[in-house]
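Understanding the architecture of this molecule
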Amino acid sequence: MRYTDQVEVELLDLGPTVSVEGVELGPDEVIALEGVGTFSTVDLVRNLRELQAKGKDLRKFSRKVHFESTRRGHASLTTSAVPFIEVRWCSRLLSMLVMGARFGSFLQESQRRSEVTAEKMLVPAEVRGTSLEAKVREELMRVHGYYRSLLERGVELEDARYVLPLSTATSFFSASSLESLLYAVLKVRSGIGIVPQELRSYSDRLVSILSDVTPSLTASRLSFTGPWTHYPVPDPLREGDGLFDALFGERLPEDAELVALHSLEPSLPILPNDGLTTLERLYPIVQAVVLEAPSLVAYHQSIRHRSVPTVVESLVEAADRALREPERSIVIPPKLRGSESLAAEYTGLSLEVLELYKTVREEVGIEAALYFVPQGVRIRTLRLYDLFNLLSPMGFVATRTCSAAQWEERAIAYKVWREVERRMPELGRMMGEKCRHLGYCPEREWCPIILKYRKYNDEAHRRFNQP
């Protein structure tokens, strides 16, 4: 078994880089030269020639530009550098944090599609060499053995994964701006919330890589610190703060609860024969604020729909509630829920893993304990859906009501639809699955949903999906 601090971070590429008249320019230089173009002309060749004519050192010039821009709080330069990285052997706990970045783009190894092998059960680095290490290893193997037994009994990967803890290893590819990647580093350096050793290792590797290839921009950005000097990131790695209890008491919806629906007008300003086109231009005028309580499985998927601003409660609060009230705090997947014996087994093992969470928290610390929260545990979120996410075929409701979507996310999306429709019927009547908006099914196999909206058959499906 590997330890969580053995996370691997590899830089595949970094942009923008360019060669101009024999001069090799990296991201530091390109972005600095383009940045000063905002004061005159955005013209890389022209600005480089002017700098050379004045006899200025390009690298010193870049450092000055980045420092002065960053200390004013401007993020346009740090969002212009894009590292392409692979992260391997990281836990689901870490990926859940990193992928919360609003402007990031991530491709992640899916537990819905690939089986989790025994070697992917990671041991928290904080447990290394302690008296609990043997017990932790034994329990992780027992959980994996149960996961395997579920698969052997015909339970799909999609449902079996709910019993796995957040220590399970995953991997992902990121094509994100420098700014989006640095929240994890700022969290470590500023001590924001709970900081496991794995996160420190990831941060150290990331800073080392970025400092080699874009030293001026990275150093300037990391020197800019203070309260809220980063874009908002849903971060469940913090001690309990009572935020959600203060707002919603003990409410824990099974799928979704519409908290508020805001519109600038009581009715939507739809022009004749121009409905969706009008609303596309006015997408912020409606905002649905929704309280949800998905499993950690579904939460991890939902934050990757980054066009939906999200607030999340403390993972500590979610885990503690699951220990107190397992019957309403642990999601039981459909295949297990349909069998009384399977449901009892699954719930029992989930509680045993949570007891390990409690033991590790008391004897080692919360940084290690969070790795033993099962992915079936519910965590409350507050999410804000605008018209894009209510109506667009690329938005949340349309994509997540598709029959190919994950079942828990589908239930949430349909509930959001019905709740909005109840309050604004004219808007609800325009909402629907993505096949309604597209006029065809983009999936490999089509389903009867599209028949609610148009005539459709195998021939039409082949025609619409020909490359």
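Residues numbered from 1 in each chain as written. Predicted model: local features only at pLDDT ≥ 70, side-chain atom pairs only at ≥ 80, totals over all residues. Heavy atoms only, no water.

**Considerations on the overall build of the protein**
Regarding its fold elements, the protein presents 24 helices and 10 strands. Here the protein has a C-alpha radius of gyration of 24 Å; the compact-globule value for 467 residues is 23 Å, and the two agree. Along the first, second and third principal axes, the C-alpha set of the protein runs to 80 × 70 × 50 Å. A burial count over the protein gives 54% of its 467 residues as buried. Sequence separation of 24 or more characterises 77% of the internal contacts of the protein that already satisfy a separation of 6 or more. A total accessible area of about 20,600 Å² is found for the protein, and carbon and sulfur atoms account for 52% of it. In the protein, which carries 59 positive and 64 negative side-chain charges, the distance between the mean positions of the two groups comes to 4 Å. (Helix = DSSP H or I, 4+ residues; strand = E, 2+ residues; numbered from the N terminus. Rg over C-alpha atoms; globule rule 2.2 N^0.38 Å. Buried < 20%, exposed > 50% of the residue type's maximum accessible area, 1.4 Å probe, protein only. Contact = heavy atoms within 4.5 Å. Areas by Shrake-Rupley, 256 points an atom, 1.4 Å probe, with all protein chains shown as cover. Lys, Arg positive; Asp, Glu negative; His and termini not counted. Charge placed at Lys NZ, Arg CZ, Asp CG, Glu CD.)

**What to know about the sheet that holds strand β4 (residues 82-91)**
Overall, antiparallel pairing links the 4 strands, which are arranged β1-β4-β6-β5 in an open sheet. Each end of this open sheet is capped by a strand with a single partner; those strands are β1 (8-15) and β5 (106-108). If you compare each strand with its neighbour and ignore which way they point, the axes differ by 15° on average. Two elements, β4 and strand β6 (residues 169-175), share 6 bridges in a ladder whose sense is antiparallel. Each residue of the ladder has a partner; that of Val87, found in β6, is Phe172. Each of β1 and β4 is contacted by helix α9 (residues 197-213), which is oriented at about 30° to β1, the strand it contacts most. (Pairing = 2+ DSSP bridges. Axes fitted to C-alpha atoms, helices over the stretch in contact; angles between N-to-C directions.)

**Overview of the packing of aromatic side chains**
Within a pair of aromatic rings, the relevant descriptors are the distance that separates the centres and the angle that separates the planes. Per the stated rule, a full pass over the model turns up 10 aromatic pairs. On the basis of an interplanar angle of 25° and a centroid distance of 5.7 Å, the ring pair of Tyr162 and Trp407 is categorised as stacked. Linking Tyr162 in the loop between α6 (157-160) and β6 with Trp407 in helix α21 (residues 407-423), this pair joins segments that are 245 residues apart in sequence. Overall, the relative accessible area of 23% leaves Trp407 in the partly exposed class. Taken together through their ring pairs, the aromatic side chains of Tyr440, Trp446, Tyr456 and Phe464 make up a single cluster. Looking at Arg128, its charged tip hangs above the ring of Tyr3, at a distance of 4.1 Å from the centre. If you follow Arg463 out to its NZ or CZ, it ends over the ring of Phe464, 5.4 Å from the centre. (Phe/Tyr/Trp six-rings, centres within 6.5 Å; stacked < 30°, edge-to-face > 60°. Lys NZ or Arg CZ within 6 Å of the ring centre and 35° of its normal.)

**Structural notes on the sheet that holds strand β10 (residues 381-386)**
Ordered by their spatial adjacency, 4 strands build an open sheet running β7-β8-β10-β9, and the pairing between neighbours is antiparallel. Sheet topology places β7 (256-263) and β9 (310-312) at the edges, where each strand pairs with a single neighbour. Averaged over all pairs of adjacent strands, the angle between strand axes in this sheet comes to 15°, irrespective of strand direction. As paired strands, strand β8 (residues 286-292) and β10 are joined by 6 bridges and run antiparallel to one another. Opposite Leu291, over in β10, you have Leu382 as the bridge partner. In this fold α21 packs onto β7, β8 and β10, with an angle of close to 45° to the strand it touches most, β7.

**Some thoughts on helix α10 (residues 215-222)**
Turn by turn, an α-helix covers 3.6 residues, leaving residues three or four places apart pointing in a common direction. Taking burial as the measure, the 8 residues of α10 include 6 buried ones, the bulk of the element. Those residues of α10 lying buried are Ser216, Leu217, Thr218, Ser220, Arg221 and Leu222. On its buried face, α10 is in contact with α1 (27-36), α3 (58-71), α7 (178-181), α8 (183-190) and α9.

**Focus: unusual backbone geometry**
The residue after Gly15, namely Pro16, is reached through a cis peptide bond having omega 5°. On the secondary structure map, Pro16 appears in the loop between β1 and β2 (18-20). In this structure, Glu21 is a non-glycine residue whose phi angle is positive, near 50°. Inspection of the secondary structure assignment puts Glu21 in the loop between β2 and β3 (23-25). One non-glycine residue, Trp89, adopts positive backbone phi at about 60°. Along the chain, Trp89 falls in strand β4.

**A look at a nonpolar patch on the surface**
Nonpolar side chains collect at one region of the surface, where Leu243, Leu247 and Val311 lie side by side and expose about 240 Å² of accessible area between them. Among the structural elements, Val311 can be located in strand β9. Judged by relative accessible area, Val311 falls into the partly exposed class, the value being 38%. (Patch = residues over 30% accessible without salt bridge, like charges linked within 9 Å, V, L, I, M, F, W, Y side chains within 5 Å. Salt bridge = Lys/Arg side-chain N within 4 Å of Asp/Glu carboxyl O.)

**A word on the side chain of Lys434**
Along the chain, the position of Lys434 falls in helix α23 (residues 434-438). Those residues within four positions of Lys434 in sequence are excluded, and the remaining contacts are Pro393, Ala398, Thr399, Cys402, Pro442 and Glu443.

**What about the pattern of salt bridges?**
Counted under the stated rule, the structure contains 31 salt bridges. Residues joined by salt bridges that share partners form a network here, namely Arg2, Glu8, Glu10, Glu86 and Arg88.

**Details of helix α17 (residues 340-363)**
The first and last C-alpha atoms of α17 sit 35 Å apart over 24 residues, in line with the 34 Å expected at 1.5 Å per residue. Among all positions in α17, only Leu342, Ala343, Tyr346, Thr347, Leu349, Ser350, Val353, Leu354, Leu356, Tyr357, Thr359 and Val360 are buried. Buried residues belonging to α17 abut α5 (133-152), α14 (315-324), α16 (334-337) and α18 (366-369). Phi turns positive, to about 140°, at Gly365, one or two residues after α17. (Expected span 1.5 Å × (residues − 1).)

**Quick look at the packing of α8 against α9**
Across the interface, α8 lies against α9 with an axial gap of 9 Å and an inter-helix angle of 120°. Put simply, α8 runs oblique to α9. Judged by the sense of rotation from one axis to the other, the crossing of α8 with α9 is left-handed. Residues Ala184, Val185, Lys187, Val188 and Arg189 of α8 touch α9, and the partners they reach there are Leu199, Arg200, Tyr202, Ser203, Leu206 and Val207. Here the contact of α8 with α9 is composed, by residue class, of 7 nonpolar, 1 polar and 3 charged. (Parallel < 35°, antiparallel > 145°, perpendicular 65-115°, else oblique. Left-handed = near helix turned anticlockwise from the far one by under 90°. Nonpolar A, V, L, I, M, F, W, Y, C, P; charged D, E, K, R; others polar.)

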